[in-house]
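# Examination of the molecular architecture
Here is what each chain is made of, one letter per residue.
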Amino acid sequence: ATLRARPRADSTSLDASRRAEAARAAFAVRRAGLAHTARAATHASVVLVDDVITTGVTLAAAADVLAQNGIQVDACVAVAATRRRHPGRGVRLITSGH
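My aim in this report is to walk through the structure given alongside it, one point at a time. Each residue is numbered by its place in its chain's sequence as written, counting from 1. With the structure being a predicted model, the display of local features is reserved for residues of pLDDT at least 70 and the display and counting of side-chain atom pairs for 80 or more, all residues being used for whole-chain, interface and lining totals. Calculated side-chain values reflect all of the structure's heavy atoms, with hydrogen atoms and water omitted.

## Some thoughts on the overall build of the chain
- The helix and strand tally for the chain stands at three helices and four strands.
- Going along the chain from the N terminus, every DSSP run of H or I of four or more residues is numbered as a helix, and every run of E of two or more is numbered as a strand. The order of helices and strands in the chain, counted from the N terminus, is β-α-β-α-β-α-β.
- Between two residues, a contact is recorded if the distance between any of their heavy atoms is within 4.5 Å. Within the chain, contacts between residues separated by at least 24 positions form 76% of all contacts whose residues are at least 6 apart in sequence.
- All accessible-area figures derive from a Shrake-Rupley calculation using a 1.4 Å probe, and residue coverage is judged against the displayed protein chains alone. Element-wise, carbon and sulfur atoms account for 53% of the exposed surface of the chain, whose accessible area totals about 6800 Å².

Structure (structure tokens):
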């Protein structure tokens, strides 16, 4: 894997802004194989997979780190999603601006 998740505390008790802050610092790129992965990504779809989407900031942060290293993420998928804590605001995925 080109992207490595750094060890961090569980973020389930954090609000959205603190979760975003923690997510931005949560990923590191493995330099070994990065050039190969970037070349391969130009001929394939890159899909990020996460276990649960709560606010979307984890996927957005991971996509940002990959983009900063020349790898464009085409899609994100998750096994499950949580209910929004603020009913009435609708479902919204936070994207990385790409």
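## Concerning the packing of helix H1 (residues 16-24) against helix H3 (residues 57-68)
- Only the stretch in contact is used when a helix axis is fitted, and all axes are lines through C-alpha atoms; the angle between N-to-C directions ranges over 0 to 180 degrees. The interhelical angle for the contact between H1 and H3, taken along N-to-C directions, is 30°, at an axis separation of 9 Å. Relative to H3, the element H1 is oriented roughly parallel. Between H1 and H3 lies a crossing whose hand is right-handed. Mapping the contact onto sequence places Arg19, Ala20, Ala23 and Arg24 in H1 and Val57, Thr58 and Ala61 in H3.
- Charged means Asp, Glu, Lys or Arg here, nonpolar means Ala, Val, Leu, Ile, Met, Phe, Trp, Tyr, Cys or Pro, and polar covers whatever is left, Gly included. The residue makeup of the contact of H1 with H3, split by class, is four nonpolar, one polar and two charged. Throughout this description, any angle smaller than 35 degrees is read as roughly parallel, any larger than 145 degrees as roughly antiparallel, any in the 65 to 115 degree range as roughly perpendicular, and the remainder as oblique. By convention, the crossing between two helices is left-handed when the near helix turns anticlockwise from the far helix through less than a right angle, and right-handed when the turn is clockwise.

## Some details on the environment of Thr82
- Inspection of the secondary structure assignment puts Thr82 in the segment after strand S4 (75-81).
- Those residues within four positions of Thr82 in sequence are excluded, and the remaining contacts are Val52, Ile53 and Thr54.

## A short note on H1
- Every buried residue of H1 is listed here: Arg19, Ala20 and Ala23. What you see down the axis of H1 is that its buried residues fit within an arc of 100°, all on one side. Exposed side chains of H1 directed beyond 90 degrees from the buried face belong to Ser17, Arg18 and Glu21.
- Looking at the buried side of H1, the elements it contacts are strand S2 (27-29) and H3. Here's how the labels work: a residue is buried when its accessible area is under 20% of the maximum for its type, exposed when over 50%, partly exposed in between, all with a 1.4 Å probe on protein chains only. Starting at the helix axis, one direction is taken to each C-beta atom, and the arc is that of these directions.

## Structural notes on the side chain of Asp50
- Along the chain, the position of Asp50 falls in strand S3 (residues 47-53).
- Those residues in contact with Asp50 that lie beyond four places of it in its chain are Thr58, Leu59, Val77, Ala78 and Val79.

## What to know about the nonpolar core
- In terms of nonpolar packing, the biggest core is built from 20 residues, with Leu3, Phe27, Leu48, Leu66, Ile71 and Val73 touching the most fellow members.
- When residues of this core are traced back to their parent elements, those giving at least two are H1, S2, helix H2 (34-41) and H3.
- Sort the elements by how many residues they give to this core and H3 lands first, with seven residues.
- Apart from the residues lying within four places of it in its own chain, the contact partners of Val73 are Val46, Leu48, Ala63 and Leu66. Working definition of a nonpolar core: buried Ala, Val, Leu, Ile, Met, Phe, Trp, Tyr and Cys residues. They are joined through side-chain atoms within 4.5 Å.

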